[in-house]
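One letter stands for each residue in the lines below.
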Amino acid sequence: AQSVAQPEDQVNVAEGNPLTVKCTYSVSGNPYLFWYVQYPNRGLQFLLKYITGDNLVKGSYGFEAEFNKSQTSFHLKKPSALVSDSALYFCAALNTGGFKTIFGAGTRLFVKA
Amino acid sequence: DGGITQSPKYLFRKEGQNVTLSCEQNLNHDAMYWYRQDPGQGLRLIYYSQIVNDFQKGDIAEGYSVSREKKESFPLTVTSAQKNPTAFYLCASSFLAGGITDTQYFGPGTRLTVL
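Chains are numbered independently. Their residues run from 1 in the order of the written sequence. A letter from A marks each chain and a number from 1 marks each ligand, given out in the order of writing. Since the coordinates come from a predicted model, pLDDT governs what is reported: local features require at least 70, and pairs of side-chain atoms require 80 or more to be given and counted, while whole-chain, interface and lining totals use all residues. Note that the side-chain values use all heavy atoms of the structure and ignore hydrogens as well as water.

Caption draft 1: Inspection of the overall build of chain B at higher detail. Across its full length, chain B carries zero helices and 13 strands. In chain B, the succession of α and β elements from N to C terminus is β-β-β-β-β-β-β-β-β-β-β-β-β. Its C-alpha atoms give chain B a radius of gyration of 13 Å, near enough to 13 Å, the size a compact globule of 115 residues would have. Projected onto the principal axes, the alpha-carbon positions of chain B cover approximately 45 × 25 × 25 Å. With a 1.4 Å probe rolled over the protein chains alone, any residue whose accessible area is under 20% of its type maximum counts as buried; one over 50% counts as exposed, and the rest are partly exposed. Scored against the burial criterion, the 115 residues of chain B give a buried share of 48%. Only heavy atoms matter for contacts: two residues are in contact if any of them lie within 4.5 Å across the pair. In chain B, the proportion of contacts linking residues at least 24 apart, taken out of those at least 6 apart, comes to 54%. Accessible surface computed for chain B: about 5300 Å², of which carbon and sulfur atoms make up 51%. This count recognises Lys and Arg as positive and Asp and Glu as negative, with His and chain-terminal groups excluded. By convention, charge coordinates are those of NZ in Lys, CZ in Arg, CG in Asp, or CD in Glu. For chain B, the separation between the mean place of its 11 positive charges and that of its 11 negative charges on side chains is 8 Å. Helix numbering and strand numbering both begin at the N terminus, where a helix is a DSSP run of H or I of at least 4 residues and a strand a DSSP run of E of at least 2. It is over C-alpha atoms that the radius of gyration is taken, and the globule rule equals 2.2 Å times the number of residues to the power 0.38. Note that accessible areas follow from Shrake-Rupley with a 1.4 Å probe, and for residues the cover is restricted to the protein chains shown.

Okay, structure coming up:
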């Protein structure tokens, strides 16, 4: 079965430090990969996506993600965390031969001042 | 959330009652989706639609029904057959290109509570 794994339920980081939220996928072919962010009682907001090309993808609010095909990973990164980055982050994958986007279970990021 | 509206924001249902959640988009997107979100479980797909007057069941369609009479609208009805409907419901939409979906954009959600 195809799946997206976010191995950490929660990530804690101090403000100003770099952050990484991990994601690995098990999806056939060359999937599109996405990161979304969700603030409390809100819908998901699109951050960035990888289709092809450069393994480092830049997105909204200073976030970037690194694609690693050999490790089937797509980790979300930010050089300097802000308290306002505290939210729930979802990784997702879309098999380009299919239609359904597969979401991970989410990782809660907590940035401490 | 821009371009996709969901109403109401909060909804309360009594036992045995059907309720309908509204989802409207003005993004001219072809495809629309309904997800259910429960704590710690991520998003689960209920129904999706690629074109008007056509829709397919997702992973947890039992107890739910949808319609797609207009491109802009994709209402979800939670029927009395859904035994545990308390959850946060998210509607999304996306373009289709050659039958392949693109980035999904989400509405603000409806929180449904069974009384």
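Picking up where we left off.
Caption draft 2: Looking closely at the pairing of strand E3 (residues 19-25) of chain B. All names here are of chain B. Residues Val19, Leu21, Cys23 and Gln25 point to one face of E3 and are all buried, whereas Thr20, Ser22 and Glu24, pointing to the other face, are not buried. Note that strand E1 (residues 4-7) and E3 share four bridges and pair antiparallel. Considered in E3, the bridge of Ile4 is made with Gln25. Looking at chain direction, E3 and strand E8 (residues 76-78) are connected through three bridges and run antiparallel. Bridging across to E8, Val19 finds its partner in Val78. Pairing between two strands requires that DSSP report at least two bridges joining them.

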